[in-house]
Amino acid sequence: MSVAVLQKDFERLAKKQRTARSSRNAKLDSLLEELERAKAEIEAQGDPMEEDGKEGKTDEGRERQQGGASQDVQSILENLEASYKSSDIGDTLAAEHKELNNIITKFGKAVDRAMPPELERAIKPVPVDDSLLNRVIVEHLLRSGRVRLAR
């Protein structure tokens, strides 16, 4: 496998990464917009605790208003949940991530095939004294309780 093939594979990988990033960012931005919209709607409902201090409201009126506000908030949250489930953002992002990861893995394997490791260059031979090595082995056997084997 030549370097030109690796270059093509890398360009394909880079393109896939760019498209996955832009797609992911767009989906997350839309989710963020949905959350901000829901937050604004909930804040527009007003805080029922602030309404308690106003004059002229009976306890029944406050309870009715708080119940209505909590139902509105509940419906906003249900709409948000339905929107999230229908958009299927989580599954889509996971699938795109898996696909990108597969391409990265294949590229790594292609690099490994194209450039086999040269162990002779990476590891230099180290001279070892045989008598020193034998002594280390005997000491290890003695410490581990294998006296008979050490003799």
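First, a word on scope: everything that follows refers to the structure included in this document. Since we're looking at a predicted model, the values are computed, not measured. (Residues numbered from 1 in each chain as written. Predicted model: local features only at pLDDT ≥ 70, side-chain atom pairs only at ≥ 80, totals over all residues. Heavy atoms only, no water.)

Quick notes on the nonpolar core
1) Next: In this structure, Leu 6, Leu 13, Leu 100, Ile 103, Phe 107 and Ala 110 together form the largest nonpolar core, which totals six residues.
2) Next: If you tally residues by element for this core, the top one is helix H4 (residues 89–114), at four residues.
3) Next: Apart from the residues within four sequence positions on either side, Ile 103 is in contact with Leu 13 and Lys 16. (Core = buried A, V, L, I, M, F, W, Y, C linked by side-chain atoms within 4.5 Å. Buried < 20%, exposed > 50% of the residue type's maximum accessible area, 1.4 Å probe, protein only. Helix = DSSP H or I, 4+ residues; strand = E, 2+ residues; numbered from the N terminus. Contact = heavy atoms within 4.5 Å.)

Some thoughts on the packing of helix H1 (residues 3–45) against H4
Each pair of packed helices gets described by two things: the angle between the helix axes and the distance between those axes.
1) Next: Two elements in contact, H1 and H4, have axes whose closest approach is 10 Å; the angle formed by their N-to-C orientations is 165 degrees. The pairing of H1 with H4 is recorded here as roughly antiparallel in orientation. Of the two elements, H1 crosses H4, and the hand of that crossing is left-handed. (Axes fitted to C-alpha atoms, helices over the stretch in contact; angles between N-to-C directions. Parallel < 35°, antiparallel > 145°, perpendicular 65-115°, else oblique. Left-handed = near helix turned anticlockwise from the far one by under 90°.)

Section: the pattern of salt bridges
1) Next: Using the criterion set out here, one finds seven salt bridges in the structure.
2) Next: Its salt-bridge partner being Glu 99, residue Lys 16 comes within 3.0 Å of it at the nearest N-O pair. You can see Lys 16 sitting in helix H1 and its partner Glu 99 sitting in helix H4, a full 83 residues away along the chain.
3) Next: Among the charged side chains, a network of salt bridges with common partners joins Glu 34, Arg 37 and Glu 41. (Salt bridge = Lys/Arg side-chain N within 4 Å of Asp/Glu carboxyl O.)

Quick notes on a positive patch on the surface
1) Next: Taken together, the side chains of Arg 12, Lys 106, Lys 109 and Arg 113 make up a positively charged region of the molecular surface.
2) Next: When residues of the positive patch are assigned to their parent elements, the largest contribution, three residues, is made by H4.
3) Next: Relative to the helices and strands, Lys 109 is located in helix H4. (Patch = residues over 30% accessible without salt bridge, like charges linked within 9 Å, V, L, I, M, F, W, Y side chains within 5 Å. Areas by Shrake-Rupley, 256 points an atom, 1.4 Å probe, with all protein chains shown as cover. Lys, Arg positive; Asp, Glu negative; His and termini not counted. Charge placed at Lys NZ, Arg CZ, Asp CG, Glu CD.)

Comments concerning the packing of aromatic side chains
What characterises a pair of aromatic rings is the spacing of the ring centres plus the angle enclosed by the ring planes.
1) Next: The full count for this structure, using the stated rule, is one aromatic pair.
2) Next: Here the aromatic rings of Phe 10 and Phe 107 are separated by 5.9 Å at their centres, their planes lie at 50 degrees, and the arrangement is tilted. On the criterion of sequence distance, the pair formed by Phe 10 in helix H1 and Phe 107 in helix H4 is long-range, its members being 97 residues apart.
3) Next: Residue class for Phe 10 comes out partly exposed when judged on its relative accessible area of 42%. (Phe/Tyr/Trp six-rings, centres within 6.5 Å; stacked < 30°, edge-to-face > 60°.)

Some words on the side chain of Glu 96
1) Next: Within the fold, Glu 96 resides in helix H4.
2) Next: Ignoring sequence-local partners within four residues, the contact set of Glu 96 consists of Ala 20, Ser 23, Arg 24 and Lys 27.

A word on helix H6 (residues 130–143)
Along an α-helix, residues three or four positions apart point the same way, because every turn accommodates 3.6 residues.
1) Next: Here H6 contains 14 residues, and its C-alpha end-to-end distance of 20 Å stays within 8% of the 20 Å for a straight helix at 1.5 Å per residue.
2) Next: Among the residues trailing H6, Gly 145 stands out with phi positive, at a value near 90 degrees. (Expected span 1.5 Å × (residues − 1).)

Nothing here speaks to function; it is geometry throughout.
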